[in-house]
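A closer look at the structure
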Amino acid sequence: QVQVVESGGGLVQAGGSLRLSCAASGSIFSINAMGWYRQAPGKQRELVASITRSGSTNYADSVKGRFTISRDNAKNTMYLQMNRLKPEDTAVYYCNAAIVDYQLHSYDYWGQGTQVTVSS
């Protein structure tokens, strides 16, 4: 069994900062790519940022220069440091992880989501 759990969401004023965490646990051999997605009310889920196992990163244009994605492979954990937050960043943020089990099968896992609300 594998679990992926996000934490760190909350309410913050525009211009403020939050740090999200995503922790994977269970029967994990390794984790390949990981990513943060978000979904605002009435909108489709979109990719915010992604990171490979070796640390290569990719960001949506809307968050470049404000958000930083990172990971700790030893802890099976990923982070998203969000600075200079804007009201349009308000959404439920989801963690996604490509997890390889001990049978060397790779599966896509999603967390339950964490709410980020930015007030103006």
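This write-up is about the structure you can find in this document. Source: prediction; values computed, not measured.

A few words now on the sheet that holds strand β8 (residues 77–82). Strand pairing in a sheet is mediated by backbone hydrogen bonds. Such pairs are either parallel or antiparallel. Read across the sheet, 4 strands follow the order β1-β3-β8-β7 without closing on themselves; strand pairing throughout is antiparallel. This sheet does not close on itself; its edge strands, each paired only once, are β1 (2–7) and β7 (67–72). Each adjacent strand pair in this sheet contributes to an overall mean axis angle of 15°, direction not counted. Pairing between β1 and strand β3 (residues 18–26): 6 bridges, direction antiparallel. Among the inter-strand pairings, E6 is bridged to a residue of β3, identified as C22.

Turning to the state of the cysteines, a few remarks are in order. Defined simply, a disulfide is a covalent bond joining two cysteines at their sulfur atoms. On inspection of all chains with the given rule, the structure shows 1 disulfide. Two residues share a disulfide in this structure: C22 and C95, whose sulfurs sit 1.9 Å from each other. Because the sign of the S-S torsion sets the handedness, a value of about -60° for the bond joining C22 and C95 places this disulfide among the left-handed ones. Taken together, the residues span a long stretch of sequence, with C22 in strand β3 and C95 in strand β9 (residues 91–100) at a distance of 73 residues.

Turning next to the side chain of S30. Position of S30 among the secondary structure elements: in strand β4 (residues 30–39). Judged by relative accessible area, which is 13%, S30 ranks as buried. For S30, the residues in contact, after removing those within four places along its chain, are R53, A98, I99 and V100.

Our next topic: the environment of E6. Tracing the sequence through the fold places E6 in strand β1. Judged by its relative accessible area of 4%, E6 falls in the buried class. Counting along the chain gives 103 residues from E6 to Y109, while the straight-line C-alpha distance between them is 12 Å. Among the polar contacts listed, one links the side chain of E6 to the backbone nitrogen of C95, at a separation of 2.7 Å. Within the structure, E6 has its side chain in polar contact with the backbone nitrogen of G113 (distance 2.9 Å).

What counts, and at which threshold
- Residues numbered from 1 in each chain as written.
- Predicted model: local features only at pLDDT ≥ 70, side-chain atom pairs only at ≥ 80, totals over all residues.
- Heavy atoms only, no water.
- Pairing = 2+ DSSP bridges.
- Helix = DSSP H or I, 4+ residues; strand = E, 2+ residues; numbered from the N terminus.
- Axes fitted to C-alpha atoms, helices over the stretch in contact; angles between N-to-C directions.
- Disulfide = S-S within 2.5 Å.
- Buried < 20%, exposed > 50% of the residue type's maximum accessible area, 1.4 Å probe, protein only.
- Contact = heavy atoms within 4.5 Å.
- Polar contact = N/O pair within 3.5 Å; in protein donor to acceptor, adjacent residues only side chain to side chain.

Without other data, these values stay purely geometric and don't point to any function.
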